Amino acid sequence: VALKAQGRVLKRSAETLLFERSARRLYAAMILDAVMNETPTSDIVRLFDSSSSSVLPSNMSVPASRVDRGYLEDLQANASTFAHMVSKFASLVGFEDLSVLFQELTRRVAFGVRTDLLPLCEIPYVKAARARSLFKGGYRTVRHVAEADPKELVRVMGTSLGAKPSRV
């Protein structure tokens, strides 16, 4: 502790470094799981931000000093890109079933939604919250939304996002 307080670098064993790397990967996986299960960003930050309260023990380093919206977006983008690369590689070596699984994972990570919302997230400007609103309103596919009455869509979107029905 005294050496650390003086700013000296402590040498860690290879075993400790391997453990910390594994812990950081698990930590990132837990965050991504929360994202893909549509946990609100504010809740994810509250759960995983090391400056407010940490899930990890105090002696374990975390992947970032702050888990904030920017960190979450970077993590999502990097994980989505990696899943896409694995999907392409699996396809190239003939593992089509694995490729299909990683294609879905790529989309889930990128959009931050459960599988049931993926079709709705293909609509431009529709992110997780709007897709969930449409889904709760009975819309399951892009075609359902395209064929819907615009006034009904406004009503569904407005009431589910907090607007009062009389104003919609």
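Everything numeric here is computed off the predicted structure, so don't read it as measured data. (Residues numbered from 1 in each chain as written. Predicted model: local features only at pLDDT ≥ 70, side-chain atom pairs only at ≥ 80, totals over all residues. Heavy atoms only, no water.)

## Considerations on helix α5 (residues 96-111)
Note the threshold: Strands here are runs of E lasting at least two residues and helices are runs of H or I lasting at least four, both read from the DSSP assignment and numbered beginning at the N terminus. A helix's residues, less one, multiplied by 1.5 Å, set its expected span. Note on exposure labels: buried denotes an accessible area under 20% of the residue type's maximum, exposed denotes more than 50%, and partly exposed covers the range between, all computed with a 1.4 Å probe on protein chains only. We call two residues in contact when some of their heavy atoms are within 4.5 Å.
Compared with an ideal rise of 1.5 Å per residue, which puts 16 residues at 22 Å, α5 spans 23 Å between its outermost C-alpha atoms and is within 8% of the ideal. Listing the buried residues of α5 in full gives Ser99, Thr106, Arg108 and Val109. Contacts made by the buried residues of α5 are with α2 (14-36), α4 (69-92) and α6 (118-121). Of the residues flanking the end of α5, it is Gly112, one or two places downstream, whose phi is positive at about 70°.

## Some points on a nonpolar patch on the surface
Defined as follows: Residues form patches when they are more than 30% accessible in relative terms and have no salt bridge. Like charges link within 9 Å. Nonpolar side chains (Val, Leu, Ile, Met, Phe, Trp, Tyr) link within 5 Å. Per-residue accessibility takes into account occlusion by the displayed protein chains alone, with areas from the Shrake-Rupley method and a 1.4 Å probe. In what follows, salt bridge is the name for a side-chain nitrogen of Lys or Arg lying within 4 Å of a carboxyl oxygen of Asp or Glu.
A surface patch of nonpolar side chains, amounting to about 680 Å² of accessible area, comprises Phe89, Leu92, Val93, Phe95, Leu98 and Leu101. Secondary structure elements with two or more residues in the nonpolar patch: α4 and α5. When you line up the elements, Val93 lands in the loop between α4 and α5.

## Observations regarding the packing of aromatic side chains
Where two aromatic rings form a pair, the distance of their centres and the angle of their planes describe that pair. Which entries qualify depends on this criterion: Note on aromatic pairs: the rings of Phe, Tyr and Trp (six-membered ring only in Trp) are paired at centre separations within 6.5 Å, and the planes decide the class, stacked below 30 degrees, edge-to-face beyond 60, tilted for the rest.
Counted under the stated rule, the structure contains one aromatic pair. Centroid distance Tyr27 to Phe48: 5.6 Å. Interplanar angle 85°. Geometry classified as edge-to-face. One end of the pair, Tyr27, is in helix α2; the other, Phe48, is in helix α3 (residues 41-48), and 21 residues separate them in sequence. Given a relative accessible area of 1%, Tyr27 falls into the buried group.

## Quick word on the side chain of Ser87
The residue Ser87 is located in helix α4 in this model. Sequence-distant contacts of Ser87, that is, excluding residues within four places in its chain, are made with Ser99, Phe102 and Gln103.

## Topic: α3
The test is simple: Arc, as used here, means the arc of the directions from the helix axis to the C-beta atoms.
Those residues of α3 that sit buried are Ile44, Val45 and Phe48. Taken around the axis of α3, the buried residues stretch over an arc of 100°, which confines them to a single face. In α3, those exposed residues whose orientation departs by more than 90 degrees from the buried face are Ser42 and Arg46. Looking at the buried positions of α3, the neighbouring elements they touch are α2 and α4.

## Description of the pattern of salt bridges
Applying the stated criterion across every chain yields a total of six salt bridges. Of the charged contacts, one joins Glu38 and Arg132 as a salt bridge, the two residues approaching to 2.7 Å between their closest N and O atoms. Note that Glu38 is positioned in the loop between α2 and α3 and Arg132 in helix α7 (residues 128-136), a separation of 94 residues in sequence. Salt-bridge contacts for Arg132 lead to Asp116; the nearest nitrogen and oxygen are separated by 3.4 Å. Of this pair, Arg132 sits in helix α7 while Asp116 sits in the loop between α5 and α6, and the two are 16 residues apart along the sequence. When its relative accessible area of 15% is taken as the criterion, Arg132 is described as buried. Sharing partners across several salt bridges, the network here consists of Glu38, Asp116 and Arg132.

## So, the layout of surface pockets
Put simply, the rule is: Lining residues are those with an atom within 4 Å of a point, where the points come from a 1 Å grid over the protein atoms alone and group into cavities, where a 1.4 Å probe fits but cannot get out, or pockets, open sets with protein on both sides within 12 Å along at least five of seven lines. Grid points are joined across faces, edges and corners, and a volume is the space filled by probe spheres set on the points.
Of the voids in this model, the largest pocket is the one considered here, and its volume is about 570 Å³. As for the largest pocket, its lining consists of 19 residues, and the residues nearest its centre are Thr41, Arg69, Gln76, Phe111 and Ala128. Of all elements in the fold, only α3, α4, α5 and α7 reach the threshold of two or more residues within the lining of the largest pocket. With five residues, the single largest contributor to the lining of the largest pocket is α4.

## Details of the environment of Ala77
Looking at where Ala77 falls in the secondary structure, it is placed in helix α4. Residue Ala77 is classed as partly exposed on the basis of its relative accessible area, which comes to 41%. Along the sequence, Ala77 and Thr106 sit 29 residues apart, while their C-alpha atoms lie 9.5 Å from each other.

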